[in-house]
4 protein chains.
Amino acid sequence: MTVKPVRVTIWNEYRHERQDPAVRAHYPAGIHAVLAAALEAAGCTVRVATLDEPEHGLDAATLAATDVLVWWGHLAHEAVADTVVDRVQQRVLDGMGLVVLHSAHESKIFRRLMGTTCKVMWRERGERERVWVVQPAHPVAAGLPEYFELPQSEMYGEPTDIPAPDELVFISWFQGGEVFRSGGAYTRGRGRIFYFSPGHETFPIYHHPLVQRVIVNAVRWAAPNDFSGAPVAGIRQGGAHRPDPLEPLD
Amino acid sequence: MTVKPVRVTIWNEYRHERQDPAVRAHYPAGIHAVLAAALEAAGCTVRVATLDEPEHGLDAATLAATDVLVWWGHLAHEAVADTVVDRVQQRVLDGMGLVVLHSAHESKIFRRLMGTTCKVMWRERGERERVWVVQPAHPVAAGLPEYFELPQSEMYGEPTDIPAPDELVFISWFQGGEVFRSGGAYTRGRGRIFYFSPGHETFPIYHHPLVQRVIVNAVRWAAPNDFSGAPVAGIRQGGAHRPDPLEPLD
Amino acid sequence: MTVKPVRVTIWNEYRHERQDPAVRAHYPAGIHAVLAAALEAAGCTVRVATLDEPEHGLDAATLAATDVLVWWGHLAHEAVADTVVDRVQQRVLDGMGLVVLHSAHESKIFRRLMGTTCKVMWRERGERERVWVVQPAHPVAAGLPEYFELPQSEMYGEPTDIPAPDELVFISWFQGGEVFRSGGAYTRGRGRIFYFSPGHETFPIYHHPLVQRVIVNAVRWAAPNDFSGAPVAGIRQGGAHRPDPLEPLD
Amino acid sequence: MTVKPVRVTIWNEYRHERQDPAVRAHYPAGIHAVLAAALEAAGCTVRVATLDEPEHGLDAATLAATDVLVWWGHLAHEAVADTVVDRVQQRVLDGMGLVVLHSAHESKIFRRLMGTTCKVMWRERGERERVWVVQPAHPVAAGLPEYFELPQSEMYGEPTDIPAPDELVFISWFQGGEVFRSGGAYTRGRGRIFYFSPGHETFPIYHHPLVQRVIVNAVRWAAPNDFSGAPVAGIRQGGAHRPDPLEPLD
């Protein structure tokens, strides 16, 4: 069986890498470049969009041609225009997948889709993180060992305001004493969403082959199927009224 | 063991009953009056708030003194001020329960907390609805039989854009050929949310003793516990940074 | 990207078709033959095993070479040997997928994996069943419309003793007034399990193209990934003791 | 509102305490005595049953008068008679709550209800465990802080063969580098089940006031409601056939 390549758009805020030499040292061409290489190596078709492009690179045509959107942001969540957030939300509800990375838990689009502040506890001391697989049967765990280790990471800890995922795939252990639900799957409308917390601008985490494997897996998992009903877009566009019963009432 | 009474605020749009004789016939003192009587008979302390009051009756002091908010709206969802929606959302994330009734699936507050349009299929032909209990062990099913029947109801059907609940308690059968997930439980932040779809302004559904029982059960289930951590409010108010590790790093 | 064919074993009790002309009329070569044709057309590699073979056709070598086992039984659940049930359960926990069809809800293997009696309400009057998709984003809903209809079906209804699924994909509406959670996904150990209730020996339901599509989808969804940890088999075989900490204790 | 006291039966294997001075030092009257005192102080009515009594103290009359059964076992899981396991399982499916503690994850009754081996990784080095609350809104988290600490504990770690819970309430951090889903809620039939892993025979964990609080909370949460349908017992006893449709078929 042959499978069509997944069409991925990587959205990167892309400011850290241009402003901060410590970030540039790890990601000279931008975090998106490292992610793009990993996704292309896995057979995906990749385009990139960034904050400072017109419409943040997320015009309607780009979104319409995107199966899965990967989102990285940190410094400038509030600079993302609400009209673009509205448009991305609608595409997710209509079936586009969304993979939300690290500090993008506080992005407007993730908060919009989750209904909460999505705040987490955090500490930046470069401590050890160990990512445990707790649902090995899940597609996003494909090819992984029981756990993998990040020698230096930012701590994200419980309690968090991110809602409990439909399926919890990863739990992280931190050297400093915390745990975090570091990978989880959600559905909103017809769109599948995966949040994965490891990844940081001043550590080379996105170069780690197993972190890349998780992101590739998440993209494949989130790609839409070919369900032929038209529920969400349909019901939004006035189709929500079904005047005639399917069965006779008397 | 004695349990403190749950402090309930019933929010009612309260326009139908004043404008439409057909609605007034069933609910001469407002839908809220029927719900208030049922909740008071069950030992709750009840106050009422309506759209046309200042701040829609939902000032900060009222919300602070509310354990569970019950919400009914239909005609005028867009007339609810965003500042009030913001305030209610924060209280839910901090632990206030929320019981969302019938057409309030399209209320701003429910859409905000769910992250979707919350659209449903619908038809208003007064057909028969049968509400099946599918999770009898759930507290919201207490005191119910296997199913109960509403002789005339508005159809709400699948597909819907309301996210799948964490716990599905009721599924409705409709005479015209549809099904609907008519009762489900959610958690957002520290707040517990129950959506229950039966209930309509031109049918006497809120007079049905088992419908009242469900609403009483949902209010009791949604009332906050006395968890003493301060996660959500705390992390929103700047406490999300935990500078020192709980364990020594070396 | 090319995907390896899924290796499917269809287990059929295969007694109805040999004993009852009404069943033989629909399934002259056995229910398994219809399912095998559909799965082969979808690119799967299929073998068949039946009750009256030695070890019911489920020796260790067959199971070791099976990615997904499809199970149909009705008359003779108790004739399945416990040693074979033990063996199938272990393979599921080690990662083999399991697709359980219709009356196999009372099979020993499904009861074993669910922990309950798995009883359902039922009625055999040939009434209309309408299968609604409630989670269109799920892989098992791929290629389906909003609902499809079976003109004559056996009613399976709530309440049921089958546990709530991790993900509910289908809900059925029955002409006679019932609803049923007719398709749901479970994980046990590393194994993924899908239960799908439509299908009956005296109706031609397994000839329906959309029923076949669901079964193909379920097989693809249940196929194991290549997670490289060895948790379940490993911990069963004495590896559950991890004597040395990963981190120094002082 | 007044609430009836929950009728609890604590089942304790009760061999460690009689055989091993190190265990007796912490639990001179048996682990059950410490648990009983905590539950009685919380208003429960408590009886005790142990392995070496006739029928292990779990005759039909005792079970019929039990709302919630608490289970502790470790050395002698296989000594529990299958007929007693059958009887307990039926009572759970009919609505009795079950709270499963620590090493009882491998008890016959828990394995029966979960459908897996319920194996976990473990290490007994007396390391620090920190129990994090990840679902503060859950009734079992009532009265707890964000986390609490056990200075010396047995490590239970992922991966585990215990199925993912319907609601995950606690995650434990271990000093030696592991995490574990240490508290989770399940429903089987009409029965509610809570598994809580902290607790060990050679550490005084059941004397910890917050551990006791969790067990009291779990017992209250698991107590049956007064749902008046008769689904599970009913459908087991031949009521699963509903010959007449609720709606006319033509």
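In case you missed it, the structure is sitting above this.
All figures in this text were calculated on a predicted structure; none of them were measured in a lab. (Residues numbered from 1 in each chain as written. Chains lettered and ligands numbered in written order. Predicted model: local features only at pLDDT ≥ 70, side-chain atom pairs only at ≥ 80, totals over all residues. Heavy atoms only, no water.)

Asks: Which parts of the structure should I look at to understand the sheet that holds strand β9 (residues 191–196) of chain A?
Replies: All names here are of chain A. Read across the open sheet, the nine strands follow the order β2-β1-β3-β4-β9-β8-β7-β5-β6; overall the sheet is mixed. Two strands lie at the open edges of the sheet, namely β2 (45–50) and β6 (147–157), each paired on one side alone. Neighbouring strand axes in the sheet, compared pairwise and without regard to direction, differ in orientation by 25° on average. Judged from the eight bridges that link them, strand β5 (residues 121–133) and β6 form a sheet pairing that is antiparallel. (Pairing = 2+ DSSP bridges. Helix = DSSP H or I, 4+ residues; strand = E, 2+ residues; numbered from the N terminus. Axes fitted to C-alpha atoms, helices over the stretch in contact; angles between N-to-C directions.)

Asks: What's the story with the relation of the copies chain D and chain B in this structure? I'm lost.
Replies: Applying a rotation about an axis and a shift along it to one chain copy brings it onto the other copy. Between the two copies, chain D and chain B, the superposition gives an RMSD of 0.0 Å; the rotation angle is 180° and the shift along the axis is 0.0 Å. What the rotation and shift describe, once combined, is the action of a two-fold rotation axis. By residue overlap, the copies meet face to face through one surface: 100% of the interface positions of chain D are interface positions in chain B. (Least-squares fit on C-alpha atoms with pLDDT ≥ 70 in both. Contact = heavy atoms within 4.5 Å.)

Asks: What's the story with empty space enclosed by the protein in this structure? I'm lost.
Replies: Using the criterion set out here, one finds 16 cavities of 30 Å³ or more in the structure. Its boundaries defined by the atoms lining it, the second largest cavity holds a volume of some 190 Å³. Lining of the second largest cavity is provided by 21 residues; of these, Thr 187 and Arg 188 of chain C together with Ile 162, Pro 163 and Ala 164 of chain D occupy positions nearest its centre. Taken together, the elements giving at least two residues each to the lining of the second largest cavity come down to β8 (179–188) of chain C together with β8 (179–188) of chain D. (1 Å grid on protein atoms, 1.4 Å probe; cavity = no way out; pocket = protein on both sides within 12 Å on 5 of 7 lines; lining within 4 Å. Points joined across faces, edges and corners; volume = space filled by probe spheres on them.)

Asks: Sorry if this is basic, but what is going on with the interface of chain D and chain B here?
Replies: Interfaces are often described in size by the accessible area the parts lose on coming together. Residue-level contacts link 38 residues of chain D with 38 residues of chain B. Between chain D and chain B, the buried area comes to about 3200 Å², and carbon and sulfur atoms account for 51% of it. If you look at where chain D meets chain B, you find eight salt bridges. One salt bridge connects Arg 130 of chain D with Glu 247 of chain B, and the closest N-O pair in it is separated by 2.7 Å. (Buried area = accessible area lost by both parts, 1.4 Å probe. Salt bridge = Lys/Arg side-chain N within 4 Å of Asp/Glu carboxyl O.)

Asks: Which parts of the structure should I look at to understand unusual backbone geometry?
Replies: Glycine aside, a negative phi is what most residues show, and trans is what most peptide bonds show. Along the chain, Glu 158 of chain A connects to Pro 159 of chain A via a cis peptide bond; the corresponding omega equals -5°. Considering the arrangement of structural elements, one finds Pro 159 of chain A in the loop between β6 and β7 (167–174). The backbone of Glu 55 of chain B sits at a positive phi, close to 55°, despite the residue not being glycine. In this fold, Glu 55 of chain B is placed in the loop between β2 (45–50) and α4 (60–64). Take Glu 55 of chain B: its relative accessible area is 41%, and that puts it in the partly exposed class. (Buried < 20%, exposed > 50% of the residue type's maximum accessible area, 1.4 Å probe, protein only.)

Asks: I'm lost on the pattern of salt bridges in this one. Help?
Replies: Evaluated as defined, the whole model comprises 76 salt bridges over all chains. The partner of Asp 244 of chain C in a salt bridge is Arg 125 of chain D, with the nearest N and O atoms 3.9 Å apart. Within this pair, whereas Asp 244 of chain C is found in the segment after α8 (231–239), its partner Arg 125 of chain D is found in strand β5 (residues 121–133), the two belonging to separate chains. Residue Asp 244 of chain C is classed as exposed on the basis of its relative accessible area, which comes to 52%. Using a relative accessible area of 44% as the deciding quantity, one classes Arg 125 of chain D as partly exposed.

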